[in-house]
Amino acid sequence: MKLLLLLPLLLGVIPLVKADSICTLTSEVEPDVTITLKYTGSGGGIGTLNYKNKPSLGFDVGIWNGYGGQYYIARSYSPESLDEEKTYQERTQNTKKIRQGHFMNFVGNQLGRATSKENRKSGKLRALMPSLSQGYYYSIPFTKEGEFGRQNLSKEMKTIIDATEGFFVNSGGCRKFFPYGWD
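Residues numbered from 1 in each chain as written. Predicted model: local features only at pLDDT ≥ 70, side-chain atom pairs only at ≥ 80, totals over all residues. Heavy atoms only, no water.

Draft legend 1. Spatial organisation of the overall build of the protein. The secondary structure content of the protein amounts to 4 helices and 10 strands. Going from N to C terminus, the protein has its helices and strands arranged as α-β-β-β-β-β-α-β-β-β-β-α-α-β. Per-residue burial for the protein yields a buried fraction of 41% across its 183 residues. In the protein, 53% of the contacts between residues at least 6 apart in sequence involve partners at least 24 apart. Of the roughly 10,800 Å² that the protein leaves accessible, carbon and sulfur atoms contribute 56%. (Helix = DSSP H or I, 4+ residues; strand = E, 2+ residues; numbered from the N terminus. Buried < 20%, exposed > 50% of the residue type's maximum accessible area, 1.4 Å probe, protein only. Contact = heavy atoms within 4.5 Å. Areas by Shrake-Rupley, 256 points an atom, 1.4 Å probe, with all protein chains shown as cover.)

Put into structure tokens, the structure is as follows:
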């Protein structure tokens with residue numbers, strides 16, 4: 001009898017655990033652009049940069065060895081790049097690296113890694129990738145007649161460029177990706 005009373009409670013908790021394993025970062029300036037990441041451990045994960053919930057780029061986040069700090073790698077998108085059963089080399093063999101750079105953690109307007117403990121204030125967890133927009137722009141091929149390209153950007157291309165020049169804010173499940181943040 002007690003088991004039957006606990007069963008609905010247990011079933012209600014299971015979806016919450018699964019939902020928390022996915023991180024969603026949403027652009028502050030272009031909410032149609034999001035980054036979704038699945039946590040793989042040690043402040044890192046694999047996922048996609050999306051336009052209107054459709055993958056546009058493969059996206060990885062990790063922590064550098066040695067000095068520390070976080071990095072991102074943006075790649076052309078391939079569904080197999082999300083296969084956790086494969087090694088990094090296997091997952092990315094059919095993709096092209098677009099850009100790698102700093103994945104900078106902010107709490108509100110304070111840089112997570114450099115703000116002293118006595119000066120910390122609460123705020124939203126935010127990420128900035130200063131070189132991502134440039135890398136994305138130069139990954140777009142030159143315009144061919146009648147097609148979209150670097151000289152004739154589509155709405156999606158322009159929106160992604162605008163979004164990647166600014167901050168992405170934690171829209172859920174991203175606390176593990178902010179090791180230099182505080183609560």
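Draft legend 2. Representation of the packing of aromatic side chains in the model. Scanning the entire structure with this criterion turns up 6 aromatic pairs. Centroid distance Tyr39 to Phe177: 5.5 Å. Interplanar angle 85°. Geometry classified as edge-to-face. Remark: Phe177 occurs in the segment after strand S10 (168–172) and Tyr39 occurs in strand S2 (residues 33–41); sequence separation between them is 138 residues. Since its relative accessible area comes to 27%, Tyr39 is described here as partly exposed. Note on Phe177: relative accessible area 1%, which makes it buried. Taking NZ or CZ as reference, Arg113 lies 4.8 Å from the ring centre of Tyr180, over its face. Over the ring of Phe142 we find Arg150; its NZ or CZ atom is 4.4 Å from the centre of that ring. (Phe/Tyr/Trp six-rings, centres within 6.5 Å; stacked < 30°, edge-to-face > 60°. Lys NZ or Arg CZ within 6 Å of the ring centre and 35° of its normal.)

Draft legend 3. The nonpolar core, seen in detail. Leu25, Ile35, Leu49, Phe59 and Met129 are the most contacted members of the largest nonpolar core, which totals 30 residues. Contributions of two or more residues to this core are made by strand S1 (22–27), S2, strand S3 (44–51), strand S4 (54–63), strand S5 (70–76), strand S9 (125–128), helix H3 (132–139) and helix H4 (155–164). A per-element tally of this core places H4 first, with 4 residues. Non-local contacts of Leu25, meaning those with residues more than four positions away in its chain, are made with Val33, Thr34, Ile35, Phe103, Phe168, Val169, Asn170, Ser171, Cys174 and Phe178. (Core = buried A, V, L, I, M, F, W, Y, C linked by side-chain atoms within 4.5 Å.)

Draft legend 4. The side chain of Thr92, seen in detail. For Thr92, the location among the structural elements is in helix H2 (residues 88–92). Looking at Thr92, the relative accessible area reads 8%, which means it is buried. A distance of 2.7 Å separates a polar atom in the side chain of Thr92 from the backbone oxygen of Tyr88. (Polar contact = N/O pair within 3.5 Å; in protein donor to acceptor, adjacent residues only side chain to side chain.)

Draft legend 5. Just the side chain of Ser154, in detail. Along the chain, Ser154 falls in the loop between H3 and H4. In this structure Ser154 comes out as buried when scored by relative accessible area, which is 14%. Within the structure, the side chain of Ser154 is placed 3.2 Å from the backbone nitrogen of Met157, a separation counted as a polar contact.

Draft legend 6. Representation of H4. When H4 is considered as a whole, its buried residues turn out to be Met157, Thr159, Ile160, Ile161, Ala163 and Thr164. Contacts from the buried residues of H4 go to S1, S2, S3, S4, H3 and S10.

Draft legend 7. How the structure looks around the pattern of salt bridges. Using the criterion set out here, one finds 3 salt bridges in the structure. Among the salt bridges present, the one from Arg126 reaches Glu28, with a minimum N-O distance of 2.8 Å. In this pair, Arg126 sits in strand S9 while Glu28 sits in the loop between S1 and S2, placing the two residues 98 residues apart along the sequence. Judged by relative accessible area, Arg126 falls into the buried class, the value being 9%. For the salt bridge of Lys158 with Asp162, the shortest nitrogen-to-oxygen distance reads 3.0 Å. (Salt bridge = Lys/Arg side-chain N within 4 Å of Asp/Glu carboxyl O.)

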